[in-house]
Amino acid sequence: WQLDGRRKKVSGVDLLVRDFERHLSFLAQYGFAEPDGQPTADGRWAARLRMDQPLIVAEGLRIGSLPDKDPTLLAAVMAALVYDREPNDRLRFDQGSKAVGRAVTSFEKSLQPFTAAMEEKGFGVRAMQIRPAALMDAWAHGEEWEVACRRFAFAEGDAAALMVRTADHLRHIRQLKEEFPKIAKLADDAIQKILKPPVVDPT
């Protein structure tokens, strides 16, 4: 039990209903659901994105702000979305290529009105970090594993986990072949570039 502003008891069920209504209101506002709760066409494909921050990815797909020409940049932006550790401001590391920084910054800026609306509604939004994106880009471009991990200050186990999680998220984009055929193919290419030894067993 919790108390509302009028000092009346509010049950857990009431809180759950309020939370559901808050989610539904936001989904309806952005065209993912009808006011009665039925999914729209966009809502149906977005519901198949079983991943971290699915609405941000869905909106990125819908407005065309995910990288759609280079599979390594797509993987890099997804890595920045997937990475959920707190940044270490005292950590010094190579920022990677300018292309990575531009891709992450461009994606984040294009989604700023959407993420601001999410935060206003009380939904958490993680800031994107360059370091995991830079590591992903270097690895996908063929840099040696140990060199890339050292260059971007990643323990090898943490780096491998990032690769696997990013590939899993890319698989959800890959399945949207009818809705987004170009980027679905790019996601498949990106998976092939990052799931290689020693991240995965060559056998």
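Fair warning: this is a prediction, and the values are worked out from it, not measured in the lab.

Here the largest pocket defines a volume of roughly 280 Å³. Considering the residues around the largest pocket, the lining is formed by 15 residues, among which L27, F32, A46, P54 and L55 are closest to the centre. For the lining of the largest pocket, the elements supplying multiple residues, two or more each, are helix 1 (12–29), helix 2 (41–46) and helix 3 (54–63). Looking at the lining of the largest pocket, its residues break down into 12 nonpolar, two polar and one charged. The space that makes up the second largest pocket amounts to roughly 170 Å³. Together, 14 residues line the second largest pocket, and E108, T115, V125, R126 and A127 are the ones closest to its centre. Those elements that place two or more of their residues in the lining of the second largest pocket are helix 5 (98–110) and helix 6 (112–120). Looking at the lining of the second largest pocket, the element that brings in the most residues is helix 6, giving four residues. When grouped by side-chain class, the residues that make up the lining of the second largest pocket number eight nonpolar, three polar and three charged.

With that settled, consider the environment of L111. Looking at the secondary structure, you find L111 in the loop between helix 5 and helix 6. The exposure class of L111 is buried, given its relative accessible area of 2%. In the structure, L111 is positioned 48 residues away from I63 in sequence and 8.9 Å away in space, judged by C-alpha atoms. Once residues lying within four places of it in the same chain are set aside, the contact partners of L111 are I56, E59, G60, I63 and S65.

So, about unusual backbone geometry. Following P197, the chain continues into P198 via a peptide bond in cis, with omega recorded as 5°. Inspection of the secondary structure assignment puts P198 in the segment after helix 10 (181–194). Phi at Q53 takes a positive value of approximately 50°, unusual for a residue other than glycine. Within the secondary structure, Q53 sits in the loop between helix 2 and helix 3. The residue A153 is not glycine, and still its phi comes out positive at about 60°. Relative to the elements of secondary structure, A153 occurs in the loop between helix 8 (145–151) and helix 9 (156–174). For A153, a relative accessible area of 31% gives the class partly exposed.

Conventions we followed
- Residues numbered from 1 in each chain as written.
- Predicted model: local features only at pLDDT ≥ 70, side-chain atom pairs only at ≥ 80, totals over all residues.
- Heavy atoms only, no water.
- 1 Å grid on protein atoms, 1.4 Å probe; cavity = no way out; pocket = protein on both sides within 12 Å on 5 of 7 lines; lining within 4 Å.
- Points joined across faces, edges and corners; volume = space filled by probe spheres on them.
- Helix = DSSP H or I, 4+ residues; strand = E, 2+ residues; numbered from the N terminus.
- Nonpolar A, V, L, I, M, F, W, Y, C, P; charged D, E, K, R; others polar.
- Buried < 20%, exposed > 50% of the residue type's maximum accessible area, 1.4 Å probe, protein only.
- Contact = heavy atoms within 4.5 Å.

Everything listed here is a matter of coordinates, which is why it stays silent on function.
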